[in-house]
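Observations on chain architecture
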Amino acid sequence: MKKRKVLWWIALAVFAGCAVWLVLYAVSANRDAQSLQSYQDDLALLSATPTAESPTAAHTAEATAAPTATAVQATAQPTAYAAPSASAAVSVATAEPVATQDPVLAYYQELAAKNPDMAGWIRIEDTVVDYPVMHTPENEEKYLHKDFDGNYSNAGLPFMDDKCDPDNPTLSRILFGHNMRSGQMFAVLHQYMDKDFFKEHAAIQMDTLNSRTTYQAVALLPLLLTEMQKPSMACYQPVDTSVQENVDAFNAYLEEYARILDGKIERNDQVLVLSTCAYASGYNRLVLIARAPAK
């Protein structure tokens, strides 16, 4: 009889613990979604604005049209932009519009003033991928379970490998993101296993704080994660495309390990590497490689 009571109380405690966890998870997920949606809406408005109108002004304008779905135009060409100081970035919302200023980059600067860990923004048209990219070389996985405001987040945010330099265009940029069951973060990479989806969503907008760049997907690699020094793990080491020997070696690597290959890397290309977890027979990481021609 006593055993039954003990087991009953244990079961009740487990049930209560699970219920509390689910409530906290739902609250966290809702907070994350609201916070991200605010930033995404701001970028959508700015992308549709020809002048450097601030998000604040955009929100207070007497407009009835809903924000556009395009946070960053997929066809936009990389744009050089001189980064203002942190104080200047904070004042973007109240500054007079500057005709030559890119409003999206100005907003990135404003966000970076709020959180200096931000290194850029990634977006894939017609998918949920529309997120800030974080870079903390001193603690690479800081945003594994943190949102932009520093709160706990199960989904976290995409983050850049600690060995990468977001300001070096010829050094590959390696980004990590969770494979969420909800479809958030980099779960969409699994849809690239479909060749039609791969072609239809080849354009990937990956911006830094100072430039906007559209990449084109060239390869998809299902990998079995092993020791990082293994040849199959070469995509996780930054590649400097200013050296032709590196470019040739990387193309040979793609030819050997890519499940889908549609193009090759050229000298001085910008290379983007997106990685997420996978739960399939024969591989546990899925990696998408994209390129942008040298400016």
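Please refer to the structure placed before this passage.
Notes on the structure in this doc start here. Every value quoted in this text rests on a predicted model; they were computed, and no experiment measured them.

Description of the pairing of strand E9 (residues 283-292)
Here E9 lies mainly inside the structure; eight of its 10 residues are buried. The sheet contact formed by strand E6 (residues 214-223) and E9 spans seven bridges and is antiparallel. Following the sheet pairing, Ala217 is matched in E9 by Ala290. Alignment of strand E8 (residues 270-280) against E9, held across nine bridges, turns out to be antiparallel. If you follow Cys277 over to E9, its bridge partner there is Arg285. Taken together, E8 and the strand that follows it, E9, pair antiparallel across an intervening segment of two residues, in which Gly282 is found at a positive phi of about 100°.

A short note on the packing of aromatic side chains
The description of two aromatic rings rests on the distance between their centres and on the angle between their planes. For the coordinates displayed, the defined rule picks out eight aromatic pairs. When the ring of Tyr192 is compared with that of Phe198, the centres are 5.9 Å apart and the planes differ by 85°; the resulting orientation is edge-to-face. Judged by its relative accessible area of 0%, Tyr192 falls in the buried class. Chaining the aromatic ring pairs together yields one cluster made of Phe159, Phe176 and Tyr236.

Describing the environment of Arg173
Locating Arg173 in the fold gives a position in strand E4 (residues 173-176). The exposure class of Arg173 is buried, given its relative accessible area of 3%. The spacing of Arg173 and Lys163 is 10 residues in sequence and 9.0 Å in space, taken between C-alpha atoms. Apart from the residues lying within four places of it in its own chain, the contact partners of Arg173 are Met160, Cys164, Asp165, Pro166, Asp167, Asn168, Thr208, Tyr215, Gln270, Val271, Leu272 and Val273. A distance of 2.7 Å separates a polar atom in the side chain of Arg173 from the backbone oxygen of Pro166.

Focus on the pattern of salt bridges
Inspection of the entire model under this criterion finds nine salt bridges. Note that Asp117 and Lys142 form a salt bridge whose closest N and O atoms lie 2.8 Å from each other. Note that Asp117 is positioned in the loop between helix H4 (103-114) and strand E1 (118-123) and Lys142 in the loop between strand E2 (130-134) and strand E3 (159-160), a separation of 25 residues in sequence. For Lys163, the salt bridge is made with Asp161, and the minimal N-O distance between the two is 2.9 Å. Relative accessible area serves as the criterion here: at 3%, Asp161 is assigned to the buried category. Here the salt bridges do not stand alone but share partners, grouping Asp102, Asp207 and Arg212 into one network.

Focus: unusual backbone geometry
The residue Met185 is not glycine, and still its phi comes out positive at about 55°. Summarising the element assignment, Met185 is placed in the loop between E4 and helix H5 (195-200). Using a relative accessible area of 1% as the deciding quantity, one classes Met185 as buried. Phi at Asn268 is positive, roughly 70°, even though this residue is not glycine. Owing to a relative accessible area of 32%, Asn268 belongs among the partly exposed residues under this scheme.

Some points on the pairing of E1
Counting buried residues along E1, six of its six residues qualify, which places the element largely inside the surrounding structure. Here E1 hands over to E2 after six residues, with Asp126 in that stretch at a positive phi of 65°. Here E1 pairs with strand E5 (residues 203-208) via four bridges, running antiparallel. Residue Gly120 lies in a different strand from E5, and its bridge partner there is Thr208.

Parameters and conventions
- In this convention, every chain numbers its residues from 1, walking through the sequence in written order.
- Only residues with pLDDT of at least 70 get local features here, since the model is predicted, and only at 80 or more are side-chain atom pairs given and counted; chain-wide, interface and lining totals rely on the full set of residues.
- Based on all heavy atoms of the structure, the side-chain values leave hydrogens and waters out of the count.
- Only protein chains enter the accessibility calculation, which uses a 1.4 Å probe; a residue whose area is less than 20% of its type maximum is buried, one above 50% is exposed, and one in between is partly exposed.
- A run of DSSP states H or I qualifies as a helix once it reaches four residues; a run of E qualifies as a strand once it reaches two. Both are numbered from the N-terminal end.
- For two strands to pair, DSSP has to find at least two bridges joining them.
- A pair of Phe, Tyr and Trp rings is counted when the ring centres sit within 6.5 Å of each other, with Trp represented by its six-membered ring. The angle between the planes then sorts it: under 30 degrees is stacked, over 60 is edge-to-face, the rest tilted.
- By definition in these notes, contact holds between two residues if any of their heavy atoms fall within 4.5 Å.
- Think of a polar contact as two N or O atoms within 3.5 Å of one another; within protein, one of them needs to be a possible hydrogen donor and the other a possible acceptor, and neighboring residues in sequence only count if both atoms come from side chains.
- For this document, the term salt bridge refers to a Lys or Arg side-chain nitrogen within 4 Å of an Asp or Glu carboxyl oxygen.

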